[in-house]
Amino acid sequence: MQNSGDRKKLVTQQKISEVENHGTTGYPHRLNFYDKPPLGDITIEDFETCALDRLRILAEIESSFVRNRPWDELKEITSKQCENYLPLKANTALLVDKEPQRKKDHVGHFVLRLAFCRSEELRRRFVKAETALFRVRFETDDSEERTEFLKTRKFGWEDVSSEEKKHFHEELKAASPWTTPEVIASETYVKVKWTRVPDLIEKRRVFLKGGMAYVPTRELSSIILQEFQANLTRALEMTAKALPFLDEDTRIIPILDNLSQGFLAGISSEWSTATASSGDEITADMIDDMARKHFPACMRNLHECLRRDKHLKHFGRLQYGLFLKVLGLSIEEAITFWRRSFSNIQEDKFNKEYRYNIRHSFGLEGKRANYPAKSCQQILTSDQPGTGDSHGCPYRHFSPDNLQTALLSMYSSQGLTSVDLPDIMRTVKAGHYHVACTRVFEITHARQGVAKGQGVGGGESVTHPNQYAARSRELERELEGVTTKNEDGGDVVMVG
Ligand code: SF4
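The structure contained in this document is the topic of the report that follows. Note that the coordinates shown come from a computational prediction; the quantities given were computed from them, not determined experimentally. Just so you know, the residues in each chain are numbered from 1, in the order the chain's sequence is written. Totals for whole chains, interfaces and linings use every residue, but because this is a predicted model, local features are given only for residues with pLDDT of at least 70 and side-chain atom pairs only at 80 or more, for both listing and counting. The basis for every side-chain value is the complete set of non-hydrogen atoms in the structure, without hydrogens or water.

1. Topic: the overall build of the protein chain
Runs of E in the DSSP output that reach at least two residues are strands. Runs of H or I that reach at least four are helices, and both are numbered from the N terminus. Secondary structure summary: the protein chain contains 23 helices and 4 strands in total. Counting across all 496 residues of the protein chain, residues that qualify as buried make up 49%. Once local pairs closer than 6 in sequence are excluded, the contacts in the protein chain between residues at least 24 apart make up 69%. About 24500 Å² of surface is accessible on the protein chain, with carbon and sulfur atoms providing 52% of the total. Buried residues are those whose accessible area, probed at 1.4 Å on protein chains only, stays under 20% of the maximum for their type, while exposed residues exceed 50% and partly exposed ones sit between those limits. What makes two residues a contact is simply this: any of their non-hydrogen atoms within 4.5 Å. Note on areas: Shrake-Rupley with a 1.4 Å probe; residue coverage comes only from the protein chains shown.

2. Some thoughts on the packing of helix α4 (residues 98-116) against helix α5 (residues 120-140)
Note on method: axes are straight lines fitted to C-alpha atoms, helices fitted across the in-contact stretch only, with angles between N-to-C directions ranging 0 to 180 degrees. Taken N-terminus to C-terminus, the directions of α4 and α5 make an angle of 160 degrees; their axes are 10 Å apart at the nearest point. When the axes of α4 and α5 are compared, the pair comes out roughly antiparallel. Considering only the axes of α4 and α5, their crossing is left-handed. Here α4 contributes D105, H109, L112, R113, A115 and F116 to the contact with α5, which in turn contributes L122, R123, F126, E130 and R137. An angle below 35 degrees is read as roughly parallel, one above 145 as roughly antiparallel, one from 65 to 115 as roughly perpendicular, and any other as oblique. In a left-handed crossing the near helix is turned counterclockwise from the far helix by less than a right angle, and in a right-handed crossing that turn is clockwise.

3. Considerations on unusual backbone geometry
For Y34, which is not glycine, the phi dihedral falls at a positive 55 degrees. As for its placement among the helices and strands, Y34 is situated in the loop between α1 (4-20) and α2 (44-66). One non-glycine residue, D383, lies in the positive phi region at around 50 degrees.

4. A few points about helix α20 (residues 400-411)
Between its first and last C-alpha, α20 extends 16 Å over 12 residues, near the 16 Å set by a 1.5 Å rise per residue. Residues L403, A406, L407, M410 and Y411 constitute the buried set of α20. With its buried residues spanning 100 degrees around the axis, α20 presents them on a single face. Exposed residues on α20 whose side chains face more than 90 degrees from its buried face are D401, T405 and S409. The span one expects for a helix is its residue count, reduced by one, times 1.5 Å. Summarising the geometry, the arc corresponds to the directions from the helix axis toward the C-beta atoms.

5. Some points on the pattern of salt bridges
Any carboxyl oxygen of Asp or Glu that lies within 4 Å of a side-chain nitrogen of Lys or Arg is treated as forming a salt bridge with it. One pass over the structure, following the stated rule, counts 41 salt bridges. The closest approach of N and O atoms between E130 and R54, which form a salt bridge, is 2.6 Å. Placement of the pair is E130 in helix α5 and R54 in helix α2, with a sequence separation of 76 residues. Of the residues examined, E130 reaches a relative accessible area of 1% and is grouped as buried. The shortest N-O distance in the salt bridge between K293 and D289 comes to 3.2 Å.

6. Points about the packing of aromatic side chains
For this analysis, a ring pair means two rings from Phe, Tyr or Trp (six-membered ring only for Trp) whose centres lie within 6.5 Å, classed as stacked if their planes differ by under 30 degrees, edge-to-face if by over 60, and tilted for the remaining angles. Under the counting rule described, the total for this entry stands at 23 aromatic pairs. For the ring pair F134 and F138, a centre distance of 6.1 Å and an interplane angle of 25 degrees mean the geometry is stacked. Of the two residues, F134 and F138 are both situated in helix α5; the distance of 4 residues between them amounts to about one turn of the helix. Here the two residues F134 and F138 agree in accessibility, since each one is buried. Centre to centre, the rings of F207 and Y214 are 5.1 Å apart; their planes meet at 45 degrees, and the pair counts as tilted. The residues F207 and Y214 share a single accessibility class, namely buried. What links up through ring pairs into an aromatic cluster is the set F33, Y34, F134, F138, F149, F155, W157 and F228. The ring of W71 is capped by R135, whose NZ or CZ atom sits 3.8 Å from the centre of that ring. Cation placement over rings: the criterion is NZ of Lys or CZ of Arg within 6 Å of the ring centroid and within 35° of the ring normal.

Put into structure tokens, the structure is as follows:
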């Protein structure tokens with residue numbers, strides 16, 4: 001006979017296998033309402049990767065909302081991101097194996113459901129971002145495939161007969177004054193309860209009669225999106241009730257914690273530092289100049305504190321040291337840099353207390369791990385700075401007054417003025433720190449041709465300080481290349 005602890009473990013195991021039992025049951029359509037969880041086996045790495053790639057897209061959708069991007073712009077940026085991280089080809093794409101793509105989409109959605117069902121706030125944000133992603137895919141889907149997909153579901157609408165349509169011709173016309181009588185005549189309509197299309201009612205785009213809304217088929221997406229949203233909201237509440245069964249799983253819970261923490265901080269995931277360094281090494285002598293031109297506020301602040309105090313506390317050294325390492329500073333140059341910077345410290349003390357730690361961060365001492373640089377998510381959510389600390393993210397950890405003064409002092413030579421501050425502070429106040437950082441990147445790189453909304457390339461927001469610096473250096477090289485071409489009148493020469 002099992003005791004209650006065993007029984008709980010057994011139920012937990014069953015729940016976990018429900019989550020892990022992903023499999024390819026066939027995905028006839030590109031669109032998915034995610035009614036059923038995936039079945040089959042999946043490795044814990046794939047479990048995480050599917051979720052992280054999807055989260056990257058959802059976080060960018062959130063950033064777009066914060067930045068008030070028009071729908072068409074959001075659609076374009078999201079489609080580009082999906083192409084990179086979560087491609088989902090139509091059935092007409094004959095040379096592509098669509099099954100793995102659709103499975104990844106399916107698994108990623110369900111892993112994120114587990115991560116984001118845990119609070120009202122997370123559920124609300126997740127549903128909003130997922131519905132936007134579904135809408136982007138719905139609007140970009142092949143129209144025949146979309147019709148086939150819609151036939152597989154019951155949306156509970158009633159067709160309006162041609163007699164009824166004729167009878168209400170004037171009223172239907174009044175609801176779409178911008179359409180010609182010919183279009184109205186060829187349009188087909190369905191009837192649904194008015195409560196299902198509040199947005200169409202708000203915009204006065206439907207005719208109402210007896211509690212029913214008469215919706216032209218071109219407006220059906222509104223009903224479909226409402227349905228998607230309502231289904232997902234219900235499903236998340238159910239998942240939240242089942243989640244305590246997962247509490248004992250030491251493999252899954254840390255992953256879910258990490259995912260939801262990142263989303264709360266408004267940041268998707270880790271930008272890969274593998275692409276951070278452009279291959280060319282930097283030297284200790286170059287850092288002052290680079291800090292002025294290419295560093296985000298967190299690193300710029302650390303650099304200035306280091307120059308002012310000739311010292312940085314432990315977490316400051318860690319945050320800045322790893323950033324410089326990934327930027328391309330070799331171990332020898334790092335020791336030179338820190339030695340010169342700590343000019344008030346005796347050689348002995350430096351060798352005893354600091355040299356070891358620098359070598360350690362390069363994986364040359366202790367457990368010899370090659371530590372990555374900290375991402376925005378880590379900087380924003382862990383090791384909160386106390387009095388006298390200089391690490392952290394200024395957008396989050398400075399007071400509003402100090403932040404504005406610091407931004408003007410750091411970036412006015414690169415074109416930032418007090419006129420830009422209200423927009424930046426609005427996003428800071430809303431807790432979207434990386435969006436504020438992205439806006440500063442755009443303003444300070446306007447001379448290199450970066451427009452508002454472009455972010456660090458293709459509309460992407462800043463998610464890592466090294467990504468900020470790497471993109472800034474890349475833009476400088478591009479500009480120098482163009483300048484060289486213009487001066488020489490010859491081919492573009494990339495100057496390092
Ligand atoms: Fe640094 Fe990221 Fe904060 Fe920008 S958002 S200042 S890169 S931690």
